Amino acid sequence: IKPDTTSVYIWDSFGNFYDNFRTDGVRKNVAQQYPVWLSAASDAEGLPVLLSTQDLSPDPQVPSFVFSVVRELRDMNSLGPIGLIVLDTKMTLLEKTINELDQVTKGKTIILDNQNNVIYDSDKLFMNSDLSQESYLTPAVGPSGNFTATMNGTDYLCNYTTSEVTGWKVLVYVPKTELTQKATITRNATMVATLLISAIAYMISLVIIIALTKPLTKMTQLMKQAQKGNFEVRFPVKYQDEVGILGRHFNQMVVRIKELIDEITWSQRRKNEAEIRALQSQINPHFIYNTLETIRM
């Protein structure tokens, strides 16, 4: 017997109970369940039948849930029914698979039979319960589909499918936060990248603005000095851009203004000298005449 199997029951075609291979003891309602099992196996015509979850524990505080596999025993030659075999299997067989699924989805899983009775749920709170009227199960209509639901204040996206063999319905609830987690990470990364690029663009713009305005500010200061009469100032031309061209013309203008001022100053000095000589030339004859007149007198 496999570790997950709790008990195996065998009957012949006359209803005689032949043997019981057990690990956890014989269930108390074998006689009452036999007609149910026999009917289910007969309807399946030799195929195995899965029966829903049952609690076999005598103590309600310590439940022991199992599901049963029922199948007719048939003659190898005639293929006629010669008996019945029933296996009670622990839920650990499902639990291993469901736990692996829940670790991937970070959510919950519920398995229902064709009567909407809970065969297994991840929290083990609704085992063997009828949840057909619950809002998080009622939209599960048809063989497969999906819908949104809320359980315990958490929003889920539920995907469900129905087995064509057993009629069991598996509902997988995935938290919406898990579905949007990657989108949230992408959004945050985009925001950080945008802020970073904006900061870099601002710094580059600031550097460019400083590089453009600093020479203009320097030129403004030199113009103010030239306005006050200091024509010795020169703008340092470093690049052949627009500011460099403007600075070169400024230097040429200052040099030309100084040359013109020097020329005007020199011309004015020569004019003054000429006027003085003219006056002297007028004064000298008059002085001689007066001298001669004085001598004559």
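Everything below is about the structure printed above this text.
What you are looking at is a predicted structure, and each value in this text was computed from that prediction instead of being measured. (Residues numbered from 1 in each chain as written. Predicted model: local features only at pLDDT ≥ 70, side-chain atom pairs only at ≥ 80, totals over all residues. Heavy atoms only, no water.)

This part covers the overall build of the protein. The helix and strand inventory of the protein stands at five helices and 10 strands. At 54 Å, the protein has a C-alpha radius of gyration far larger than the 19 Å of a compact globule built from 297 residues. Dimensions of the protein, computed from the C-alpha atoms along their principal axes, are close to 190 × 45 × 35 Å. When burial is assessed residue by residue, the protein has 27% of its 297 residues classed as buried. Partitioning the contacts of the protein with sequence separation of at least 6, the portion at a separation of at least 24 is 40%. When the accessible surface of the protein is split by element, carbon and sulfur atoms take 60% of a total near 20300 Å². Each charge sign in the protein was given a centre, from 29 positive and 31 negative side chains, and these centres are 23 Å apart. (Helix = DSSP H or I, 4+ residues; strand = E, 2+ residues; numbered from the N terminus. Rg over C-alpha atoms; globule rule 2.2 N^0.38 Å. Buried < 20%, exposed > 50% of the residue type's maximum accessible area, 1.4 Å probe, protein only. Contact = heavy atoms within 4.5 Å. Areas by Shrake-Rupley, 256 points an atom, 1.4 Å probe, with all protein chains shown as cover. Lys, Arg positive; Asp, Glu negative; His and termini not counted. Charge placed at Lys NZ, Arg CZ, Asp CG, Glu CD.)

In this section: the sheet that holds strand β6 (residues 108-112). Here five strands make up an open sheet; going across it, the order is β7-β6-β10-β9-β8 and the pairing antiparallel. Two strands bound the open sheet, and with one partner strand each, they are β7 (118-121) and β8 (144-151). Put simply, the sheet's adjacent strands are angled 20° from each other on average, direction ignored. Pairing between strand β9 (residues 154-162) and strand β10 (residues 169-175): seven bridges, direction antiparallel. Pairing of N159 across the sheet is with V172, part of β10. On the sheet, helix α2 (residues 92-105) packs against β6, β7 and β10 and is oriented at approximately 140° with respect to β6. (Pairing = 2+ DSSP bridges. Axes fitted to C-alpha atoms, helices over the stretch in contact; angles between N-to-C directions.)

Looking now at the nonpolar core. Formed by 15 residues in total, the largest nonpolar core has its most connected members in I110, L112, Y136, L137, F147, L171 and Y173. Elements with a minimum of two residues in this core: β6, β8, β9 and β10. (Core = buried A, V, L, I, M, F, W, Y, C linked by side-chain atoms within 4.5 Å.)

Moving on, we come to helix α1 (residues 30-44). A rise of 1.5 Å per residue sets the reference length of α1, with its 15 residues, at 21 Å; its end C-alpha atoms lie 20 Å apart and thus fit the reference within 8%. Within the span of α1, buried status applies to V30, Q33, Y34, W37, A40, A41 and A44. Looking one or two residues past α1, E45 carries a phi angle of roughly 55°, positive in sign. (Expected span 1.5 Å × (residues − 1).)

Turning our eyes to something else, we now look at the pairing of β8. The pairing of β8 with β9 spans eight bridges and is antiparallel. Counterpart to G145 in the pairing with β9 is Y160. Hairpin geometry of β8 and β9 is characterised by an intervening segment of two residues between the two adjacent antiparallel strands and by a positive phi of about 55° at N152.

Let us look at the pairing of strand β5 (residues 81-90). Pairing of strand β1 (residues 5-12) with β5, which is carried by seven bridges, proceeds in the antiparallel orientation. Residue pairing for β5: S7 is matched across the bridge by D88. As judged from the nine bridges shared by strand β4 (residues 65-74) and β5, these two strands associate in the antiparallel manner. Looking at β5, one finds that V69 is bridged to L87. Counting the residues that bridge the hairpin from β4 to β5 gives six residues, and of these L79 lies at a positive phi of roughly 60°.

Applying the stated criterion across every chain yields a total of six salt bridges. In this structure, D262 and K258 form a salt bridge, with 3.4 Å as the shortest nitrogen-oxygen distance. Within this pair, D262 and its partner K258 are both found in helix α5 (residues 242-296), separated by four residues, close to a single helical turn. With relative accessibility at 42%, the residue D262 sits in the partly exposed group. For K258, a relative accessible area of 27% puts it in the partly exposed group. For E273, the salt bridge is made with R270, and the minimal N-O distance between the two is 3.9 Å. Placement of both E273 and R270 in helix α5 is noted, with a separation of three residues, approximately one turn of the helix. Classification of R270 by relative accessible area gives partly exposed; the value is 41%. (Salt bridge = Lys/Arg side-chain N within 4 Å of Asp/Glu carboxyl O.)

The next subject is the environment of L101. Mapping L101 onto the fold places it in helix α2. Take L101: its relative accessible area is 31%, and that puts it in the partly exposed class. The spacing of L101 and I119 is 18 residues in sequence and 16 Å in space, taken between C-alpha atoms. Setting aside residues up to four positions removed in sequence, L101 forms contacts with T109 and V172.

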